Amino acid sequence: MRLSVLGMGNMGRAFASLALEKDHQLTVWNRSPNHAADLISRGAIEAHSPEAAVADCEVALIVLSDDDAVLSVCLGEHGVIGSFPPEAILAIVSTVAPDTIRRLADIGPEDRVLDSPVMGSPSAIAAGMGRFLIGGSTPTVRSLDALWSDLGAGYTYCGRAGSGATMKLVSNLLLITGVAALAEAIATARHHGIPDDLLKSVLADSFVVSPASKMRLDSLFDESHPGWFTPELARKDVRLAVGLAEKTEVGVRIGPATAALLSTVIETGHPWPDFSAVIEALTRR
């Protein structure tokens, strides 16, 4: 299959690498060029604009950081939508607002715009373990069953366009607020004299800590907070999820508090690589 991957961040590169492993014909694009030398050495073609990237594709994956970036690449000058092949499919893998997906679905080729966010870290995706949460036309989704299996561990169909994005945002809300709650527990225990080795041992073996939160235990205790999901991206997702709640009668409290903690961390100006740095908002007061 002729695939295009637009966005050469951690996630985009993981998908592009998998596509080459599965012998797809791959074209890549990134806003800043020369970010795909290793992929090109393995057979990928680098395009110099979004429209060139999708000119001959069958499926294009948009893997960018936020709504503004996705809308710019899809609708801006030299954007994807204006030059999209008539039978091709546009899959928005980025985590964005459902309204962004619905806008693109309304403007783009009929029934050929899918929201396809994925559950999993870049390392999980590179290992073929990411699972897609897909919204859009059922026949279009099912026509790509083989691709979802090539690039991940299959998919869950969520409903109409925008439903995959909704499911991804509420899932990330659970992840991020859960880690923030764990950070509060750790900070409180530390201030009451509980040593880190005991804390890590008990929490790592505790049923009250989710598997997803346990994956960030080491990063919470490490002052450099290694990882890949930055505080900025985490706050963006929490704010999008809170925005969904606020459109209804859901009186959210935990999400806004978590976003505020992340803002405190971000405003320090320190470039922590992972949102587990939320513990810094609790221990540096």
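Preceding this paragraph is the structure being described.
Since we're looking at a predicted model, the values are computed, not measured.

Caption draft 1: Representation of the overall build of the protein in the model. The helix and strand inventory of the protein stands at 15 helices and nine strands. In terms of overall size, the protein behaves like a compact globule, its C-alpha atoms giving a radius of gyration of 20 Å where 285 residues would be expected to give roughly 19 Å. Expressed as lengths along the three principal axes of its C-alpha atoms, the size of the protein is roughly 65 × 45 × 35 Å. Classification of the 285 residues of the protein by burial places 52% in the buried group. Partitioning the intrachain contacts of the protein with sequence separation of at least 6 by distance along the chain shows that 64% fall at a separation of at least 24. Looking at the protein as shown, the accessible area adds up to about 13,300 Å², and 54% of this sits on carbon and sulfur atoms. Across the protein, the centroid of the 23 positively charged side chains sits 3 Å from that of the 33 negatively charged ones.

Caption draft 2: The arrangement of helix α13 (residues 231–246) in detail. Between its first and last C-alpha atoms α13 spans 22 Å; for 16 residues at 1.5 Å apiece the expected length is 22 Å, and the two agree. Of the positions making up α13, those classed as buried are P231, A234, R235, K236, D237, V238, L240, A241, V242 and A245. In this fold, the buried residues of α13 make contact with α4 (67–75), α9 (163–191) and α14 (254–266).

Caption draft 3: Seen up close, the nonpolar core. If you look at the biggest cluster of nonpolar residues, it comprises 31 residues, and the most contacted ones within it are F15, L26, V28, L39, L61, W148 and L151. Of all the elements, helix α1 (residues 10–21) adds the most residues to this core, at seven residues. Beyond its immediate sequence surroundings of up to four residues, L151 is in contact with L3, F15, L18, A19, L61 and F132. Counting 28 residues, the second-largest nonpolar core is a separate cluster that includes V179, A234, V265 and A281.

Caption draft 4: The arrangement of α9 in detail. Spanning 29 residues, α9 covers 42 Å between terminal C-alpha atoms, matching the ideal 42 Å at 1.5 Å per step. One or two steps after α9, the chain reaches G193, where phi turns positive at roughly 85°.

Caption draft 5: Structural view of the state of the cysteines. Evaluated as defined, the whole model comprises zero disulfides. Free cysteine: C57, not disulfide-bonded; nearest cysteine sulfur from C74 at 11 Å. Under the relative-accessibility criterion, C57 is labelled buried at 4%.

Parameters at a glance
- Residues numbered from 1 in each chain as written.
- Predicted model: local features only at pLDDT ≥ 70, side-chain atom pairs only at ≥ 80, totals over all residues.
- Heavy atoms only, no water.
- Helix = DSSP H or I, 4+ residues; strand = E, 2+ residues; numbered from the N terminus.
- Rg over C-alpha atoms; globule rule 2.2 N^0.38 Å.
- Buried < 20%, exposed > 50% of the residue type's maximum accessible area, 1.4 Å probe, protein only.
- Contact = heavy atoms within 4.5 Å.
- Areas by Shrake-Rupley, 256 points an atom, 1.4 Å probe, with all protein chains shown as cover.
- Lys, Arg positive; Asp, Glu negative; His and termini not counted.
- Charge placed at Lys NZ, Arg CZ, Asp CG, Glu CD.
- Expected span 1.5 Å × (residues − 1).
- Core = buried A, V, L, I, M, F, W, Y, C linked by side-chain atoms within 4.5 Å.
- Disulfide = S-S within 2.5 Å.

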